[in-house]
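Single-letter residue listing:
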Amino acid sequence: MKLDEGEISVKKITVTMLVMLLTIAMLSACASKGNDGKGEEAPSKGSTNAGTEKIYIPIISKGFQHQFWQAVKAGAEKAAKEFNVEITFEGPETESQVDKQIEMLQAALDKKPSALGFAALDSQASIPLLQKAKDAGIPVIAFDSGVDSDIPLATASTDNLAAAALAADKMAELIGGEGEIGMIVHDQTSVTGANRRDGFKKQIEDKYPNIKIVDIQYGGGDHLKSTDLAKAIIQAHPNVKGFFGANEGSAIGVINAVTELKKEGQIVVVGFDSGKQQIDAIKSGKMAGAITQNPVGIGYETVKAAVQAIRGEKVEPTIDTGFYWYDKSNIDSDEIKAVIYE
């Protein structure tokens, strides 16, 4: 039967439409599978089921500017290599930027990591976000400075109360058990700041009745601000015999104040942490001595505990990474060289 031109045209249109519909259906099927071709969204880098992807653990510190944090970072990287995991290490520009650190914490959680290492600048401000991490099944390991919560499975840190008490004993010995002293502390919101302040203060008040703490100021770990605060204390209390600087920036600030006011040899300076400027000050006699932590060990133990938590292994809730007193007499010993950093 011969078809007229109208019937032929309709059939051509029908075939064309069928081909188009078939093509669209095939493209839709491919798109629904995603890049992996399994019909599922590819897992995030932090997921533990991410195939060949490494486990991802962000490490958020209290800062980045001091050599202490660089040493913590080195320890974390050592553990990451050993346990074959991926880490990032970051912190705010200064240790007074609580809001900036909270932003970093939120950004880290948005990446859906397998675990999280966190050193809190404020022991309470971070709790809501850490609760979100817990609710999402992300293990939290605190380091250096804990939080006022049982959310972290473990805290890798120095026993700051005991370490500061040792610094107080050394101060008392160096000033002959009597006189006026001042304190420059990095902050009063973090656990480390509060514990170092309280450990030093309590030891002086309990054991040394003839020593008077005339003032405690908070410099945010910034050596310039700490310098100004220490100078103000010296000018207000001209008989001050000693100063305790509770972290690297605080101690450097005190050294600078004593130097600028030409009080070397008149004021005993006891510090906390290490770094090139403190090491040089001890070797030159400007600083009597300091407490050093084990920052490499802190970083290493943080990542190790995070990996254990991801694997479902038991994690000790308190990981004491130790502390040491160092001064001119032992600064070159193998034991101290292993825990101080420049």
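Cut-offs applied
- Residues numbered from 1 in each chain as written.
- Predicted model: local features only at pLDDT ≥ 70, side-chain atom pairs only at ≥ 80, totals over all residues.
- Heavy atoms only, no water.
- Helix = DSSP H or I, 4+ residues; strand = E, 2+ residues; numbered from the N terminus.
- Expected span 1.5 Å × (residues − 1).
- Buried < 20%, exposed > 50% of the residue type's maximum accessible area, 1.4 Å probe, protein only.
- Contact = heavy atoms within 4.5 Å.
- 1 Å grid on protein atoms, 1.4 Å probe; cavity = no way out; pocket = protein on both sides within 12 Å on 5 of 7 lines; lining within 4 Å.
- Points joined across faces, edges and corners; volume = space filled by probe spheres on them.
- Pairing = 2+ DSSP bridges.
- Axes fitted to C-alpha atoms, helices over the stretch in contact; angles between N-to-C directions.
- Nonpolar A, V, L, I, M, F, W, Y, C, P; charged D, E, K, R; others polar.
- Phe/Tyr/Trp six-rings, centres within 6.5 Å; stacked < 30°, edge-to-face > 60°.
- Lys NZ or Arg CZ within 6 Å of the ring centre and 35° of its normal.

A. Helix 2 (residues 67-83), seen in detail. In this model helix 2 runs 25 Å from its N-terminal to its C-terminal C-alpha over 17 residues, within 8% of the 24 Å that 1.5 Å per residue would give. Within the span of helix 2, buried status applies to Phe68, Trp69, Ala71, Val72, Gly75, Ala76, Ala79, Ala80 and Phe83. Buried residues along helix 2 sit in contact with strand 2 (86-90), strand 4 (140-143), helix 8 (248-260) and helix 10 (295-310).

B. Focus on unusual backbone geometry. Unlike most non-glycine residues, Asn84 shows phi in positive territory, near 55°. Residue Asn84 is classed as partly exposed on the basis of its relative accessible area of 48%. Positive phi values are uncommon outside glycine, yet Lys262 reaches one of about 55°.

C. Structural detail: empty space enclosed by the protein. All told, the structure shown has one cavity of 30 Å³ or more when counted by the stated rule. In this structure, the largest cavity occupies an estimated 80 Å³ of space. Along the walls of the largest cavity sit 13 residues, with Trp69, Glu95, Arg196, Asn247 and Asp273 positioned nearest its centre. Of all the secondary structure elements, the ones that give two or more residues to the lining of the largest cavity are helix 2 and helix 6 (191-207).

D. The arrangement of the sheet that holds strand 3 (residues 116-118) in detail. The strand order across the open sheet formed by six strands is 2-1-3-4-5-11, and the pairing between neighbours is parallel. Both edges of this open sheet fall to strand 2 and strand 11 (318-320), since each of them pairs with a single strand only. The mean inter-strand angle of the sheet, taken between neighbouring strand axes irrespective of direction, is 15°. Note that strand 5 (residues 154-157) and strand 11 share three bridges and pair parallel.

E. Molecular detail of the layout of surface pockets. Its volume calculated, the largest pocket comes out at about 160 Å³. What lines the largest pocket is a set of 13 residues, among which Gln65, His66, His223, Glu248 and Ile252 lie closest to the centre. Looking at the lining of the largest pocket, the elements with two or more residues in it are helix 8 and helix 9 (276-284). In terms of residue count, the dominant contributor to the lining of the largest pocket is helix 8 (three residues). Classifying every residue of the lining of the largest pocket gives one nonpolar, nine polar and three charged.

F. The arrangement of the packing of aromatic side chains in detail. Overall, the coordinates contain seven aromatic pairs when judged by the stated rule. When the centroid spacing of 4.9 Å and the interplanar angle of 80° are considered together, the rings of Phe68 and Trp69 count as edge-to-face. The class for Phe68 is buried, based on a relative accessible area of 3%. Relative to Phe244, the ring of Phe200 lies with its centre 4.4 Å away and its plane at 5°, an arrangement referred to as stacked. Pair noted here: Phe200 is in helix 6 and Phe244 is in strand 8 (residues 240-245), with a separation of 44 residues, a long-range link. When its relative accessible area of 0% is taken as the criterion, Phe244 is described as buried. What links up through ring pairs into an aromatic cluster is the set Phe68, Trp69, Phe143 and Tyr341. One residue, Arg196, lies across the ring of Phe272, its end atom 4.0 Å from the ring centre.

G. Highlighting the pairing of strand 8. Of all six residues in strand 8, five are buried, a share of seventy percent or more. Taken together, the five bridges between strand 6 (residues 179-185) and strand 8 define a ladder with parallel strand orientation. Among the inter-strand pairings, Ile184 is bridged to a residue of strand 8, identified as Gly245. Strand direction decides the pairing type here: strand 8 and strand 9 (residues 268-272), joined by three bridges, are parallel. Considered in strand 9, the bridge of Phe244 is made with Val270.

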